[in-house]
Protein chains: 2
Amino acid sequence: MSNPVLAELRRGELVESFHRGAFAVVDTGGRVVRSVGDVDRPVYPRSAVKGLQALPLVASGAADRFGLDDAELALACASHGGEPAHVEAAARMLAKAGLDAGALECGAHWPSCQPAAHALAARGEQPHALHNNCSGKHAGFACVGCLMAGAPEAARDFLRGYVEPGHPVMREVSAAIEAATGVRLADAPRATDGCSIPTFALPLRALALGFARFGTGVGLAPGHAHAAARLRAAVAAHPFMVAGSGRLDTVLMSHWRERVFCKVGAEGVYCAALPELGLGLALKMDDGNTARAAEVALVALVASLLPLSEADAAVIAPLKDVTLTNWNGRVVGRLSAT
Amino acid sequence: MSNPVLAELRRGELVESFHRGAFAVVDTGGRVVRSVGDVDRPVYPRSAVKGLQALPLVASGAADRFGLDDAELALACASHGGEPAHVEAAARMLAKAGLDAGALECGAHWPSCQPAAHALAARGEQPHALHNNCSGKHAGFACVGCLMAGAPEAARDFLRGYVEPGHPVMREVSAAIEAATGVRLADAPRATDGCSIPTFALPLRALALGFARFGTGVGLAPGHAHAAARLRAAVAAHPFMVAGSGRLDTVLMSHWRERVFCKVGAEGVYCAALPELGLGLALKMDDGNTARAAEVALVALVASLLPLSEADAAVIAPLKDVTLTNWNGRVVGRLSAT
């Protein structure tokens, strides 16, 4: 059975393309309060669970030990655009733990933020690991490993291979996902993410439960509950750090602050927590389209769940019903959730 | 009813994302020899019909009048990457007609070829109309308009608004599509393309017929049949000009030369002609994904229709079953046609 259409692109009078998908909205007790499509099929959450993956950074004491500030904690939850503020914060995190970019095992890619990429090219430079959209997450992993290693001089050796599933750092990260979602990861399909860490396929209903818990602390161990609250506050205080210029996570959390914690993932995944409602949600587009399918679907879903003020509605309207213009600025179509 | 899955992306053991779509393979008599999914629903072909749109450039005599060479004719059929050779050829076409980039109404965007974009940024420059992936097509339109205008000094005024459906140049272009596909465009849904010219929604079976005719000349007026043969030969001789470095159209036609004429379009469209079989084909992915859905589906379809030598099979194999690596070069998945 195919999942229903969640987003469509109109050009002229016709629907030119459309996107199928599924989503689950779950409360802290694991009850599915709303769902569409198949929410039991395991999907790789990819970067959408970076918030859960950052729990050990705070819960282990590494964030305090190395004096990470809120902007840096927000970056640990980020898929950032590689803008200068992102790159600098990742470098600071590493420096606070006595490390540098050489410790990162995420690989390098050009900043997704086009002006940042062009500025780099204009300086005749090549991107390095700090430009990787996951560099803050990896810097957080490095801080956790540095704490585990004990003596700073032992950290580099200890960290080697931290992206592998069996490394002590990655075990802590997996344990945090497992505790939040209630899924035994040893039984879950496992693959390798873009930044080389494992990604475990979980049902949307389990991912949504994880975010209901992340948003409220209900059902989490005290250390993780405290860490979740601190990460949510950090991201709400520094929404630019979690994504970047013009990016949806930044736009939504700049407006809603702690009322919404949302995080995009590759291949059309979105997870979010709505703390005031005690709800978590997870969605996945079948075709893996994030930028224009998962985003409008997420916005429409959040808008249908949260009570909206007039100001909220004004922010939301152009995000869930996006006017498309061409290279001459002519309106050629519209992208909207269905 | 939903169209079947034509391409899927595997990560680890799971299908992470998949793409539904439809295609039609049609002979010069309009008989559907093979089809999957709904081939009667009108779809916007976008850039996939640039070959048909270039017919008036040759048929009108403009190509000869202004002495366009094969590389330039190939560029007139192109969605190019904005690489230096593309930009220079578009400039030459215009210069031969006594025009410059100011005549183009396609708008500007950064080259899709990343090194070309970075080189432009490194020189502190901004992209202009010649970098637009459609600049060759538009330069061709400008040549047609210049011929129509008669005196060169009248050309600029005459050309103004050439992207509008009612302009004499665009009427010629629409007439060529109409003649090839057999669809009355006055009855077809019309929208505006990225480069501001009209795009008419046509059933896949009609688009496939258009390409069966384009590939053979059968069913076309003599002027268009001659023009189609010349354009096919030009693209076969200069496959780099029709797309660019690493791009599928360039790769396929560098290998097959005149045995395959294929052209990608935005939003998951592909059209192709297989002259030796007297067949045309057209496909559209529901979700509009071109780069990784329409491309593998097109390759698999062409490979299933053409007799393949061992050399052909070796070229085709990595294109229809694509190994995906991450930022560290680790194999993380596979993209393949189903």
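Residues numbered from 1 in each chain as written. Chains lettered and ligands numbered in written order. Predicted model: local features only at pLDDT ≥ 70, side-chain atom pairs only at ≥ 80, totals over all residues. Heavy atoms only, no water.

What follows deals with the nonpolar core. Residues and elements named next belong to chain B. Of all hydrophobic cores here, the largest spans 111 residues; its most connected members are Leu57, Leu99, Leu252, Leu281, Leu283 and Leu298. Among the elements that take part in this core, helix H13 (residues 290-305) stands out by supplying nine residues, more than any other. Leaving out residues up to four positions away in the same chain, Leu252 has contacts with Arg257, Cys262, Leu298, Val299, Ile316 and Leu319. (Core = buried A, V, L, I, M, F, W, Y, C linked by side-chain atoms within 4.5 Å. Buried < 20%, exposed > 50% of the residue type's maximum accessible area, 1.4 Å probe, protein only. Helix = DSSP H or I, 4+ residues; strand = E, 2+ residues; numbered from the N terminus. Contact = heavy atoms within 4.5 Å.)

Quick look at the packing of helix H12 (residues 248-256) of chain B against H13 of chain B now. Residues and elements named next belong to chain B. Orientation of H12 relative to H13, taken along the N-to-C sense of each, is 20 degrees, at an axis distance of 11 Å. On the basis of the axis angle, H12 is roughly parallel to H13. Where H12 crosses over H13, the handedness of that crossing is right-handed. For the pair H12 and H13, the contacting residues are Leu248, Leu252 and Trp256 in the first and Glu295, Leu298, Val299 and Val302 in the second. (Axes fitted to C-alpha atoms, helices over the stretch in contact; angles between N-to-C directions. Parallel < 35°, antiparallel > 145°, perpendicular 65-115°, else oblique. Left-handed = near helix turned anticlockwise from the far one by under 90°.)

Quick look at unusual backbone geometry now. All names here are of chain B. At Arg257, a residue that is not glycine, the phi angle is positive and equals roughly 50 degrees. Here Arg257 lies in the loop between H12 and strand E8 (261-265). For Glu267, which is not a glycine, the phi torsion comes out positive at approximately 60 degrees. Structurally, Glu267 can be placed in the loop between E8 and strand E9 (269-274).

Both copies of the chain are tied together by a single rotation about an axis and a shift running along it. Overlay of chain A on chain B (RMSD 0.0 Å): rotation 180 degrees, translation along the axis 0.0 Å. Here the copies are linked by what is in effect a two-fold axis. Of the C-alpha atoms belonging to chain A, the one lying closest to the rotation axis is found on Ala122 of chain A, 1.7 Å away. The overlap is high: 100% of the interface residues of chain A also sit at the interface in chain B, so the same surface is used on both sides. (Least-squares fit on C-alpha atoms with pLDDT ≥ 70 in both.)

Here we take up the packing of helix H10 (residues 204-216) of chain A against helix H11 (residues 222-237) of chain A. Residue and element names in this part refer to chain A. One can describe the packing of H10 onto H11 by two numbers: an axis separation of 7 Å at closest approach and a directional angle of 80 degrees. On the basis of the axis angle, H10 is roughly perpendicular to H11. Of H11, the residues touching H10 (which contributes Phe214, Gly215 and Thr216) are Ala228, Leu231 and Arg232.

This next bit is on the pairing of strand E1 (residues 5-11) of chain A. Residue and element names in this part refer to chain A. Of all seven residues that make up E1, five are buried, and the element is covered over most of its length. Relative to strand E2 (residues 14-27), E1 is paired through six bridges, and the arrangement is antiparallel. By the bridge assignment for E2, Arg10 is matched with Val15. Here E1 hands over to E2 after two residues, with Gly12 in that stretch at a positive phi of 60 degrees. For E1 and strand E12 (residues 331-337), the ladder comprises five bridges, and the chain directions are antiparallel. Within E12, the position partnered with Arg11 by the bridge is Gly333. (Pairing = 2+ DSSP bridges.)

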